[in-house]
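Listed here are the chains, written in short residue letters.
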Amino acid sequence: MPNKGFLRRLLVLGERQALQDLIVYTDLGQKATEILKKQLSSMQMDQTGLISEVRSIEKKGDDLTLALKSEITQGAVNSTLLGHLLNLVETCDDILDRSLYISREIIRMSHFLKSAEEYSNYVITEVYPRFIRMLDINSQALDTLKQMLQANGLEELNQNRGKIERFEESVDDIKDDIIDRVYTDAKNLHYLVFTHILNMVHRIDDLLDDCEDASDYVITVSNSVNR
C-alpha cells in the first residue's frame, strides 16, 4: 500500500482538495518572506519592483482564498469541519496580507531615510538585521506548516506543531529585545523611526502568530477526521 500523507487520508473529496490547496499558501508565504528580507537588506536600491512582486503574491492569495471559500461552502465538505476549514483558509491568507503591509512599511521608511540620513545607520544596521532574523524564523515556520499539511500521522503533526510553537517563542524573544532597545534609545530617535520599528516588530511577530494559529487549525481538522 502506498505511503499516504495526512491530506490524502481525509475522508471527503472536498476537504482533501481544500487542504491540498493550502500548501500553495506556504509556498507563496516563503516567496514573500524572501522578498521582504531583500527589501530590508537593500535599502539603497529602488524597491518598486520588489513591492510589486509582494503585491502580486498577495493577489494570488486573495484569488485562492475566494476559490477555496466557494469550494468549502458549496462543495462536499463535512459541515462539522466547515468553520475550522474557513478559519484555516483565512489565517493562511492573513500571512500574505501582512507580508504586503510590511513591504509597504519598508518602502515608506526608505523614503523617509533619504531625507533623514542621520537615522539610517540605526535603522538599517542596528534594527533591520534583527527583523531579517525574525523573517528567517518565519520561513522555517512556514516550511514546518507545509510539512504538517503533508504529514503521515498525528504524532508527526504534533511534533511539527511543537516546532512552530518554539519558533514563535524565539521570535517573541527577539521582539522583546528590540522593543527594550528602542525605548532605551527613544530620546535620540525621530518619532517616525520609533513608531516604524515598533509597528514592524509587531507585524513580523504576527506572521509567526498566524503560523501557530494555522497549525492549531490543522490539528483540529485532523482530530475531527480521525475520530
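All of these numbers come straight from a predicted model, not from anything done at the bench.

A.B. asks: Would you mind going over the overall build of the protein in detail, with residue names and values included?
C.D. replies: Helices and strands together make up the secondary structure of the protein, namely 7 helices and 0 strands. Listed N to C, the secondary structure of the protein is α-α-α-α-α-α-α in terms of helices and strands. Within the span of the protein, comprising 227 residues, buried residues form 51% of the whole. Accessible area of the protein: about 10700 Å², with a carbon and sulfur share of 48%.

A.B. asks: Outline helix α3 (residues 48–74), listing residues and values.
C.D. replies: With 27 residues, α3 extends 39 Å between its outermost C-alpha atoms, agreeing within 8% with the 39 Å of an ideal straight helix rising 1.5 Å per residue. Taken together, the buried positions of α3 are occupied by Leu50, Ile51, Val54, Ile57, Glu58, Gly61, Leu64, Thr65, Leu68 and Ile72.

A.B. asks: Summarise the packing of aromatic side chains; cite the residues concerned and give the values.
C.D. replies: Scanning the entire structure with this criterion turns up 3 aromatic pairs. When the ring of Tyr128 is compared with that of Phe131, the centres are 5.7 Å apart and the planes differ by 35°; the resulting orientation is tilted. In this pair, Tyr128 and Phe131 are both assigned in helix α5 (residues 120–149), 3 residues apart and thus about one turn of the helix distant. Assigned by exposure class, Tyr128 and Phe131 land together as buried. Both rings, one in Tyr183 and one in Phe194, keep their centres 5.2 Å apart while their planes meet at 85°; by these two values the pair is edge-to-face. You can see Tyr183 sitting in helix α6 (residues 154–184) and its partner Phe194 sitting in helix α7 (residues 191–225), a full 11 residues away along the chain. Residue classification places Phe194 among the buried positions, given a relative accessible area of 17%.

A.B. asks: Talk me through the confidence of the model for the protein; I want residue IDs and the actual numbers.
C.D. replies: Per-chain confidence: the protein averages 88 in pLDDT, with 89% of residues scoring 70 or above. Note on residues 1–13: pLDDT under 50 across the span, and 33 contacts to partners over four residues away in sequence or across chains.

A.B. asks: Run through the side chain of Glu212, naming residues and quoting values.
C.D. replies: Among the structural elements, Glu212 can be located in helix α7. Owing to a relative accessible area of 14%, Glu212 belongs among the buried residues under this scheme. Looking at Glu212, its side chain comes within polar contact range of the side chain of Arg161, at 3.5 Å. The residues touching Glu212, leaving out its near neighbours within four places in the chain, are Arg161, Ile164, Glu165 and Glu168.

A.B. asks: Tell me about the packing of α5 against α6, and please be specific about residues and values.
C.D. replies: The description of two helices packed together rests on the angle between their axes and the distance between the axes. In the contact formed by α5 and α6, the axes pass within 9 Å of each other and the chain directions differ by 170°. With respect to their mutual orientation, α5 and α6 come out roughly antiparallel. For the contact of α5 with α6, the class distribution of residues is 14 nonpolar, 5 polar and 9 charged.

A.B. asks: If you had to explain the nonpolar core to someone new, which residues and values would you point to?
C.D. replies: Counting residues in each nonpolar core, the largest one holds 70 residues, and the members touching the most others are Leu22, Tyr25, Leu40, Tyr128, Phe131, Met134 and Ile197. Discounting residues that sit within four places of it in the chain, Met134 has contacts with Val171, Ile174, Lys175, Ile178, Val201, Ile204, Asp205 and Leu208.

A.B. asks: Any details on the packing of helix α4 (residues 79–115) against α5? Residues and values, ideally.
C.D. replies: One can describe the packing of α4 onto α5 by two numbers: an axis separation of 13 Å at closest approach and a directional angle of 165°. As the angle between them shows, α4 and α5 are arranged roughly antiparallel. The handedness of the crossing between α4 and α5 is left-handed. Each of Ile95, Met109 and Leu113 in α4 lies in contact with α5, whose residues at this interface are Ser120, Val123, Ile124, Tyr128 and Leu142. Of the residues contributing to the contact of α4 with α5, the split by class is 7 nonpolar, 1 polar and no charged.

About the cut-offs
Residues numbered from 1 in each chain as written. Predicted model: local features only at pLDDT ≥ 70, side-chain atom pairs only at ≥ 80, totals over all residues. Heavy atoms only, no water. Helix = DSSP H or I, 4+ residues; strand = E, 2+ residues; numbered from the N terminus. Buried < 20%, exposed > 50% of the residue type's maximum accessible area, 1.4 Å probe, protein only. Areas by Shrake-Rupley, 256 points an atom, 1.4 Å probe, with all protein chains shown as cover. Expected span 1.5 Å × (residues − 1). Phe/Tyr/Trp six-rings, centres within 6.5 Å; stacked < 30°, edge-to-face > 60°. pLDDT = per-residue confidence, 0-100. Contact = heavy atoms within 4.5 Å. Polar contact = N/O pair within 3.5 Å; in protein donor to acceptor, adjacent residues only side chain to side chain. Axes fitted to C-alpha atoms, helices over the stretch in contact; angles between N-to-C directions. Parallel < 35°, antiparallel > 145°, perpendicular 65-115°, else oblique. Nonpolar A, V, L, I, M, F, W, Y, C, P; charged D, E, K, R; others polar. Core = buried A, V, L, I, M, F, W, Y, C linked by side-chain atoms within 4.5 Å. Left-handed = near helix turned anticlockwise from the far one by under 90°.

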